[in-house]
Amino acid sequence: MKAVVRDSYGSIDVLRVEDVPVPAPGAGQVRVKVAATSVNLSDWECLRGSPAYARIGGLRVPASRILGSDIAGVVDSVGEGVSRFKSGDEVYGDNLALKGGFAQYALAPESVLALKPEQLTFAEASVLPQSGAIALQGTRWAAAGRRVLINGAGGGSGCLALQLAKRSGAHVTGVDNAAKLDFMTSMGADEVIDYRLEDFTRTAQPYDLILDLVARRSVFGVRRALAPGGTYRAVGGSAPTLLRLLTAGWAVGRLTGRSIGVLAVHEGPAHFEPIAALCVAGDVRITIDRTYALEEVPAALADVGEGRTLGKVVVRLS
């Protein structure tokens, strides 16, 4: 089968298309003929091996030669003990542990997959598992009358979170680069901020919830931007930033009546199927900025890693 592989951490230059053996499913595993794989920031981080947590399981050499976790496709074969799926089933899921989505076939544990809704294309379904889970869990504090800020609202998780926060009745501010301001407004943002021109932590009207998908601010800046009783959750960011949030952030929050920390994202169908149902019902919009062929995976990763995409980008394999 064709696959985009790498043998070391680094830039997109370490990637190449190669013929590799079709993997055989082990016990509890499903082999999926991949139709589409969406690109996440986590793929970019695992490519570069930075932040440090991206090297978990492979400090010097990547644990997975083939990146790509958010897959959608057709079950091709199942391993011993698999009972929920059979050959021919259309499935999707976040295969974060094994990855392998930038290839014609991928192995995934049965537990990470769900049946694809008939109303969604493979490309649309591939957008949701990781980004949807982050968006759902990161906006659970949003409610009518609350002020919510989403930093990185023009990206894959951000544009879903923005829509979910608006559905709750909150007043939502989206933060991203200038090229994404109109897009965030079209997604329902009440206010938009170009982070290059304005520091959202220096606001005259603090926020009840901040979902930070690009965590770079200081703990004291975060505290300043939060209203008393407010909640700040970061997803991703450098290891030192996340460590400060888990230590100093927790202490500062507790002393000042705020909750500051890192979002512990739960994985699996129970955490992304609810947003898929909202998409099927037309209550949440899936945005695919661009699609790429398998051999264009390096360009897709660079676009996501360098913040050039509106919503998600998808690699199509069929």
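Look a little higher up for the structure.
Throughout this description, residue numbers start from 1 for each chain and increase along the sequence as written. Only residues with pLDDT of at least 70 are given local features in this predicted model, and only at 80 or more are side-chain atom pairs given and counted; all residues enter the totals for whole chains, interfaces and linings. Only hydrogens and water are set aside; all other atoms, that is, all heavy atoms of the structure, feed into the side-chain values.

Visitor: So what's going on with the packing of helix H1 (residues 41–48) against helix H8 (residues 297–305)? Which residues, and what values?
Guide: Helix packing for two helices is described by the angle between their axes and how far apart those axes are. Axis lines are fitted through C-alpha atoms, for helices just across the contact stretch, and the angle between N-to-C directions can take any value from 0 to 180 degrees. Comment: elements are numbered from the N terminus, with helices defined as DSSP H or I runs of at least four residues and strands as E runs of at least two. Here H1 crosses H8 at 105°, and the two axes come no closer than 9 Å. When the axis of H1 is compared with that of H8, the two are roughly perpendicular. Of the residues in H8, those touching H1 at Leu41, Asp43, Trp44 and Leu47 are Leu301, Ala302, Val304 and Gly305. Class assignment for the residues of the contact of H1 with H8 results in six nonpolar, one polar and one charged. For this classification, under 35 degrees means roughly parallel, over 145 means roughly antiparallel, 65 to 115 means roughly perpendicular, and everything else is oblique. Any two residues whose heavy atoms approach within 4.5 Å are treated as being in contact. Ten residues, namely Ala, Val, Leu, Ile, Met, Phe, Trp, Tyr, Cys and Pro, are considered nonpolar, four, namely Asp, Glu, Lys and Arg, are considered charged, and the remaining ones, Gly among them, are considered polar.

Visitor: Explain the environment of Ala103 to me, and be specific about the residues and the numbers.
Guide: Along the chain, the position of Ala103 falls in the loop between strand S5 (90–94) and strand S6 (105–109). The spatial distance from the C-alpha of Ala103 to the C-alpha of Val82 is 22 Å, given a sequence separation of 21 residues. Those residues in contact with Ala103 that lie beyond four places of it in its chain are Met1, Lys2, Ala3, Val34, Ile66, Leu294 and Leu317.

Visitor: Could you give an account of the side chain of Thr139, naming the residues involved and the relevant values?
Guide: Examined against the element boundaries, Thr139 turns out to sit in the loop between helix H2 (122–138) and strand S8 (147–151). In this view, Thr139 contacts Ala161, Leu164, Ala165, Leu209 and Leu211; residues no more than four positions away in its chain are not counted.

Visitor: Please give an account of the pairing of strand S12 (residues 226–234) that cites residues and values.
Guide: Partly exposed residues are those whose accessible area sits between 20% and 50% of the maximum for their type, while under 20% is buried and over 50% is exposed, using a 1.4 Å probe and protein chains only. Counted residue by residue, S12 has seven buried out of nine residues, so it is predominantly covered. Where strand S11 (residues 207–212) meets S12, five bridges bridge the pair, whose relative direction is parallel. Residue pairing in the sheet places Leu209 in a bridge with Thr231 of S12. The handedness of the S11 to S12 crossover, carried by helix H5 (residues 219–225), is right-handed. Paired strands, as defined in this entry, are two strands with at least two bridges between them according to DSSP. Crossover handedness is defined by viewing with both strands directed away from the observer: a clockwise path from the first strand over the helix to the second marks the crossover as right-handed.

Visitor: Residues and numbers for helix H6 (residues 239–256), please.
Guide: Spacing of three or four residues puts side chains on the same side of an α-helix, whose turn is 3.6 residues. Over its 18 residues, H6 runs 24 Å from end to end, which matches the ideal 26 Å to within 8%, given 1.5 Å per residue. Among the residues making up H6, those that are buried are Thr241, Leu242, Leu245, Gly249, Val252 and Gly253. Two residues or fewer past H6, Gly257 is found with a positive phi of approximately 75°. Here the expected span of a helix is defined as 1.5 Å times the quantity of residues minus one.

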